[in-house]
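# Fold and geometry: a report
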Amino acid sequence: MPFSRSLTVVGCHAEGEVGDVITGGVLDVPGKTMQEKLIHMSTKKDHLRQFLLNEPRGRASMNTNLILPPCDPRADAGFLIMESEEYAPMSGSNIICTTTVLLETGMIPMKEPITEIALDTAAGLVTVTAECEAGKCKTVEFNNVPSFVLELDYKVPVPGLGEVTVDIAYGGMMYVLVDAASLGLRVDNQESPKLVEIAERIKRAVEVAYTPVHPENSGITGFSVLAFTEPVRIEEGCKTSVNAVVVSPGRFDRSPCGTGTCARLAVLHARGQIKEGEIFKHRSILGTEFISRIRGTATVGKYPAVLPTVKGRAWITSFKQVVLDSTDPFPEGFRIGDQWHMPPN
Ligand SMILES: O=C(O)[C@H]1NCC[C@@H]1O
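- By the naming in an unreviewed UniProt entry, the protein goes by Proline racemase and is assigned to Penicillium frequentans.
- Its UniProt record, at the heading Sequence similarities (unreviewed entry), says of the protein: "Belongs to the proline racemase family."

## A few points about the pattern of salt bridges
- Within the structure shown, the criterion is met by 22 salt bridges.
- Of the charged contacts in the structure, one is a salt bridge between Arg335 and Glu85, with a shortest N-O distance of 3.4 Å. Here Glu85 lies in the loop between β4 (77–82) and β5 (87–88) and Arg335 lies in the segment after β21 (314–325), a separation of 250 residues in the sequence.
- Using a relative accessible area of 38% as the deciding quantity, one classes Glu85 as partly exposed.
- Glu278 serves as the salt-bridge partner of Lys239, at 3.0 Å between the closest nitrogen and oxygen. Of the two residues, Lys239 is situated in strand β16 (residues 238–247) and Glu278 in the loop between α5 (258–270) and β18 (280–283); the sequence distance between them amounts to 39 residues.
- Judged by relative accessible area, which is 19%, Lys239 ranks as buried.
- Salt bridges here are not isolated pairs; linked through shared partners, they connect Arg233, Glu235, Arg283 and Glu289.

## Digging into the side chain of Asn217
- You can see Asn217 is positioned in strand β13 (residues 217–221).
- Among the residues examined, Asn217 registers a relative accessible area of 18% and is labelled buried.

## A word on the domain arrangement of the protein
- Split into domains, the protein comes out as domain 1 (3–142 + 315–325) and domain 2 (147–311).
- On the side of domain 2, 27 residues touch domain 1, which itself brings 27 residues to the contact.
- Between domain 1 and domain 2 lies a buried interface of about 1900 Å² when both sides are counted; carbon and sulfur atoms form 57% of it.
- Broken down residue by residue, the surface that domain 1 buries against domain 2 is led by Glu15, Glu141 and Phe142, which jointly contribute 29%.
- At the boundary of domain 1 and domain 2, one finds two salt bridges.
- On the surface where domain 1 and domain 2 come into contact, there are eight residue pairs in polar contact (both at pLDDT 80 or more).

## Thoughts on the site of the ligand
- Taken together, Glu17, Glu83, Ser91, Gly92, Ser93, Met173, Val247, Asp253, Cys257, Gly258 and Thr259 make up all the residues around the ligand.
- Within the contact set of the ligand, an oxygen atom lies 2.6 Å away from a side-chain nitrogen or oxygen of Thr259.
- Burial of the ligand by the protein amounts to 100% of the accessible area it has alone, namely 260 Å².
- In a pocket analysis with a 2 Å cut-off to the grid points, the ligand is assigned to the largest cavity.
- Of all the secondary structure elements, the ones that give two or more residues to the shell around the ligand are α3 (92–104) and α5.
- Counted by class, the shell around the ligand contains three nonpolar, five polar and three charged residues.
- Both domains that furnish three or more residues to the shell around the ligand are identified here as domain 1 (3–142 + 315–325) and domain 2 (147–311).

## With respect to the layout of surface pockets
- By volume, the largest pocket is sized at about 330 Å³.
- If you go around the largest pocket, you meet 17 residues; those closest to its centre are Asp167, Asp179, Thr229, Arg264 and Arg271.
- Those elements that provide at least two residues to the lining of the largest pocket are β10 (162–170), β11 (174–179) and α5.
- Residue classes in the lining of the largest pocket are distributed as seven nonpolar, four polar and six charged.

## Regarding the packing of aromatic side chains
- Evaluated as defined, the whole model comprises four aromatic pairs.
- Residues Phe148 and Tyr303 carry aromatic rings whose centres are separated by 5.0 Å and whose planes lie at 10° to one another, so their mutual orientation is stacked. Residue Phe148 is located in strand β9 (residues 147–158), and its partner Tyr303 is located in strand β20 (residues 303–312); the two are separated by 155 residues in the primary sequence.
- On the basis of relative accessible area, Phe148 is assigned to the buried category, the value being 0%.
- The exposure class of Tyr303 is buried, given its relative accessible area of 12%.
- A ring pair is formed by Phe330 and Phe334, whose centres lie 5.0 Å apart and whose planes are at 70°; its orientation type is edge-to-face.
- Residue Phe330 is classed as partly exposed on the basis of its relative accessible area of 41%.
- Residue Phe334 is classed as partly exposed on the basis of its relative accessible area, which comes to 26%.
- Through successive ring pairs, a cluster of aromatic residues spans Phe148, Tyr170 and Tyr303.

Thresholds, definitions, all that
Residues numbered from 1 in each chain as written. Predicted model: local features only at pLDDT ≥ 70, side-chain atom pairs only at ≥ 80, totals over all residues. Heavy atoms only, no water. UniProt positions renumbered as here; feature names shortened; annotations may be inferred. Salt bridge = Lys/Arg side-chain N within 4 Å of Asp/Glu carboxyl O. Helix = DSSP H or I, 4+ residues; strand = E, 2+ residues; numbered from the N terminus. Buried < 20%, exposed > 50% of the residue type's maximum accessible area, 1.4 Å probe, protein only. Domains from an automatic or database assignment. Contact = heavy atoms within 4.5 Å. Buried area = accessible area lost by both parts, 1.4 Å probe. Polar contact = N/O pair within 3.5 Å; in protein donor to acceptor, adjacent residues only side chain to side chain. Near = heavy atom within 4 Å. Areas by Shrake-Rupley, 256 points an atom, 1.4 Å probe, with all protein chains shown as cover. 1 Å grid on protein atoms, 1.4 Å probe; cavity = no way out; pocket = protein on both sides within 12 Å on 5 of 7 lines; lining within 4 Å. Sits in = over half its atoms within 2 Å of the grid points. Nonpolar A, V, L, I, M, F, W, Y, C, P; charged D, E, K, R; others polar. Points joined across faces, edges and corners; volume = space filled by probe spheres on them. Phe/Tyr/Trp six-rings, centres within 6.5 Å; stacked < 30°, edge-to-face > 60°.

Shown next as structure tokens:
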């Protein structure tokens, strides 16, 4: 066979957001912690991420997860999250996909009606509870790492928009949060190209002005996501809101975004708009939903933090063998501006 690489991948999506999972073909990665493994992969071996996420094997709107043996002895498995522009420390849709694949393929034994596991991530240990029935994960709920606000009402000059007010918060990734209405925008699929373009413009402006750094893990720094938020409404007795998360290099998260939901919970709590234990339903631009709540509070460095819990669902879509023909002229794939938001020169 002329193949120089062959990977076993299970296709999966969580509430619309693709989070494929590599279940074979990659040996363990050097590193004593998942953060060290993340650094190793992103600096020394980034071709795996390029190979899987770039065209022709991947596309702009997808992620791929790499299951690894855990470093933390309390964990059942470890995993690294590959997104278009980076290895993310943590991701909600991706942990829901990874748990679903681990349990539905039997890599970790499923216990019905409830399976509890712990997953080692670059952001820390995350415990997960899956409701399982007839071999299927009906829901996956994860207890995310402490999430906190770095800045409320931070003002930043944005070319073409003037001064824009944003919140900056951590929910497993660093977020810029913008009230869509403050810019005369609505979270609406019809407005997608405009929302994405403006989001990327704001994100670049915030990046110039502010460098967020996690106080307990300086490796977690920089923004890759911006969330446009809509106000919180009461629906069927629950606090509910729509949001649209723009992931670099410029496309919507199809899910309500797990880490974005945690960052939003931190902001809502800091503003006194949500209390511990209250249910918060977060909806995506696709209309799908994550159900979340604050299970407690903590402190991270100088920041008051919330402990968020988020629940969603995932579905396996394929079992595939992804290969590299040794004569393929694009061993790391490619990106074209008709499908990928290309950064300005
Ligand atoms: O759910 C999340 O947290 C994410 N979905 C894709 C981008 C973020 O990692």
